[in-house]
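Working through the structure, step by step
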Amino acid sequence: MRMPTCEPARPCPSRRSPRRSPGNPMTNTLSSYPPEETWDHVESLDPAAWPKKVRRAHRLVPTTCFNCEANCGLLAWVDKNTGKITKFEGNPVHPASRGRNCAKGPATINQVEDPERILWPMKRVGERGEGLWERITWEQALDQIGSRIGTAFREDRHHEVMYHVGRMGDDSYMERVLHSWGIDGHNSHTNICSSGARVGYASWMGFDRPSADFANAEVIFLISSHLEAGHYFNPHAQRIIEGQKNGATVVCVDPRLSNTAAKADYWLSPWPGTEAFLLLAIARLLLEAETWDATFFERWVNWETFLRETRPDLDCTFANVRQALIDQYVEYTPAEAARICGVEESTIREVAAVIGRGLGKFASHTWRASSAGN
Ligand code: SF4
């Protein structure tokens, strides 16, 4: 039986018969991957043996990239003779990354092959900083660490136990573990990074990493050193580009000419720290033009509390909310925003009009920056 092959001289079956990837409504452009049903046995030429044509058989094993929190799908090409991973490529049927990885994904092979990779627990035997370690077993490591934590708890020294989260984000599970231990010792580098945005998201919608429906949006509003310009969320970036190809207008608010700003339809570069003023000026314009999403606001925002706290002189009915907000935002005029933020007034008005026209199909994201409170 002829096995599937991906040698360059003979296009692989999927090249001859482009197929649609699940989760990819766009196209059938991912045509260079061997078809999923052949992953147990894929033959290809060994590039290291060139110019000889040496065929190797691989099993393609789905896994994930651990080089950032996007957790894109990968396929590990496992040599069926040696059992070793030969390379990593994207996984075309992964629902988020859909086979499109950044360069760090295939570079995962360097971690597998890294001669300095730590394969077992090491315990310090010298002074801190001396760099002296001895190898211990997993059982020893778990016993020693567990007994120290247990002793601290038995002696009511709960505050001496803390946990520092790394990658990947195991936050939800570890939160439950830490709470069951009765401690609040969760630390993360995000305390000085994305926490400003995440606190806002968590209090606004109960989840700190939302994914807006970028692919189906009409207006995509990205502010700060957000996921798409920063270090991860390739799956978001793909869908933003899809949305833009489908006609969405991309607005990027960033003091820097970031990658996203370079591809945006509007690049607003306010003075760092003035973003909130800019946003409130846009909000005011939307309210004035009555192009705000009143239905959404009425359904999801606690406007009753807002009215009671800020405008006890008004009846607590939704009909009063719009004017109360305009009154509240009285100082945030486009002219004043232009002066404070350093963005042209006409641009602010234009962007507000664009947002207003995309009512109900607005997707936004913010992450780390002064706008996010850090
Ligand atoms: S964006 Fe790149 S580094 Fe991050 S998970 Fe995907 S392939 Fe890996």
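Residues numbered from 1 in each chain as written. Predicted model: local features only at pLDDT ≥ 70, side-chain atom pairs only at ≥ 80, totals over all residues. Heavy atoms only, no water.

This paragraph deals with the overall build of the protein. If you tally the helices and strands in the protein, you get 13 helices and 12 strands. The buried share among the 374 residues of the protein stands at 40%. For the protein, the proportion of contacts with a sequence separation of at least 24, taken over those separated by at least 6, is 52%. Accessible area for the protein stands at about 21700 Å²; split by element, carbon and sulfur atoms hold 54% of it. (Helix = DSSP H or I, 4+ residues; strand = E, 2+ residues; numbered from the N terminus. Buried < 20%, exposed > 50% of the residue type's maximum accessible area, 1.4 Å probe, protein only. Contact = heavy atoms within 4.5 Å. Areas by Shrake-Rupley, 256 points an atom, 1.4 Å probe, with all protein chains shown as cover.)

Around the ligand, the neighbouring residues are Cys65, Asn67, Cys68, Ala70, Asn71, Cys72, Asn101, Cys102, Lys104, Gly105 and Asn234. Taken together, the residues of the shell around the ligand sort by class into five nonpolar, five polar and one charged. (Near = heavy atom within 4 Å. Nonpolar A, V, L, I, M, F, W, Y, C, P; charged D, E, K, R; others polar.)

Our next topic: the pattern of salt bridges. Applying the stated criterion to the full structure yields 15 salt bridges. The closest approach of N and O atoms between Glu242 and Arg98, which form a salt bridge, is 2.5 Å. With a gap of 144 residues between them, Glu242 in helix α6 (residues 234-245) and Arg98 in the loop between β4 (85-90) and α2 (108-113) connect regions that are remote in the sequence. Accessibility classification places Glu242 together with Arg98 in one group, the buried group. (Salt bridge = Lys/Arg side-chain N within 4 Å of Asp/Glu carboxyl O.)

Looking at the protein, the pLDDT average stands at 86 and 86% of residues meet or exceed 70. Of all secondary-structure elements in the protein, the lowest mean pLDDT belongs to helix α1 (residues 13-16), at 36, while helix α12 (residues 334-341) reaches the highest, 98. Here residues 1-27 scores under 50 on pLDDT; set against residues more than four positions off or in separate chains, the count is 53 contacts. (pLDDT = per-residue confidence, 0-100.)

All right, on to the packing of helix α8 (residues 275-288) against helix α11 (residues 321-328) then. Contact geometry of α8 with α11 gives a least axis separation of 10 Å together with a crossing angle of 145°. By crossing handedness, the relation of α8 to α11 is classed as left-handed. Here α8 contributes Arg284, Leu287 and Glu288 to the contact with α11, which in turn contributes Arg322, Leu325 and Ile326. A per-class count over the contact of α8 with α11 returns three nonpolar, no polar and three charged. (Axes fitted to C-alpha atoms, helices over the stretch in contact; angles between N-to-C directions. Left-handed = near helix turned anticlockwise from the far one by under 90°.)

So, on to the layout of surface pockets. There is about 2000 Å³ of room inside the largest pocket. Along the walls of the largest pocket sit 44 residues, with Trp204, Met205, Phe296, Phe362 and Ser364 positioned nearest its centre. Those elements that provide at least two residues to the lining of the largest pocket are α5 (195-205), β9 (219-223), α8, α9 (294-300) and β12 (362-366). The element contributing the most residues to the lining of the largest pocket is α8, with eight residues. For the lining of the largest pocket, the residue count by class is 28 nonpolar, 12 polar and four charged. (1 Å grid on protein atoms, 1.4 Å probe; cavity = no way out; pocket = protein on both sides within 12 Å on 5 of 7 lines; lining within 4 Å. Points joined across faces, edges and corners; volume = space filled by probe spheres on them.)

So, about the side chain of Asp254. Note on placement: Asp254 falls in the loop between β10 (249-253) and α7 (259-263). By relative accessible area, Asp254 is classed as buried at 2%. Of the polar contacts made by the side chain of Asp254, one reaches the side chain of Arg256; its length is 2.7 Å. (Polar contact = N/O pair within 3.5 Å; in protein donor to acceptor, adjacent residues only side chain to side chain.)

Once that is clear, we can look at α6. The end-to-end C-alpha distance of α6 is 16 Å, a good match for the 16 Å that 12 residues give at a rise of 1.5 Å each. Those residues of α6 not exposed but buried are Asn234, Pro235, His236, Gln238, Arg239, Ile240, Glu242 and Gly243. Lining the buried residues of α6 we find β9, β10 and β12. Directly after α6, the chain includes Gly247, whose backbone phi takes a positive value near 110°. (Expected span 1.5 Å × (residues − 1).)

With that settled, the discussion passes to the packing of aromatic side chains. For the structure on display, the rule yields nine aromatic pairs. With 6.4 Å between their ring centres and 35° between their planes, Phe296 and Trp300 make a pair best called tilted. On the criterion of helical spacing, the pair formed by Phe296 and Trp300 is a turn pair, its members being four residues apart in helix α9. Its relative accessible area of 40% is what places Phe296 among the partly exposed residues. Among the residues examined, Trp300 registers a relative accessible area of 55% and is labelled exposed. Ring centres of Phe297 and Phe318 lie 6.4 Å apart, and the angle between their planes is 45°; this geometry places the pair in the tilted category. Within this pair, whereas Phe297 is found in helix α9, its partner Phe318 is found in the loop between α10 (303-310) and α11, the two being separated by 21 residues in sequence. Judged by its relative accessible area of 19%, Phe297 is buried. In this arrangement the basic side chain of Lys87 is found over the ring face of Trp77, its NZ or CZ atom lying 4.2 Å from the centre. Sitting above the plane of the Trp120 ring, Arg135 keeps its charged end 3.6 Å from the centroid. (Phe/Tyr/Trp six-rings, centres within 6.5 Å; stacked < 30°, edge-to-face > 60°. Lys NZ or Arg CZ within 6 Å of the ring centre and 35° of its normal.)

The strand order across the open sheet built from four strands is β11-β10-β9-β12, with neighbouring strands paired in parallel fashion. Looking at which strands have only one partner, the edges of the open sheet turn out to be β11 (266-268) and β12. On average, each strand axis in the sheet is inclined to that of its neighbour by 15°, with strand direction left out of account. Pairing between β10 and β11: three bridges, direction parallel. (Pairing = 2+ DSSP bridges.)

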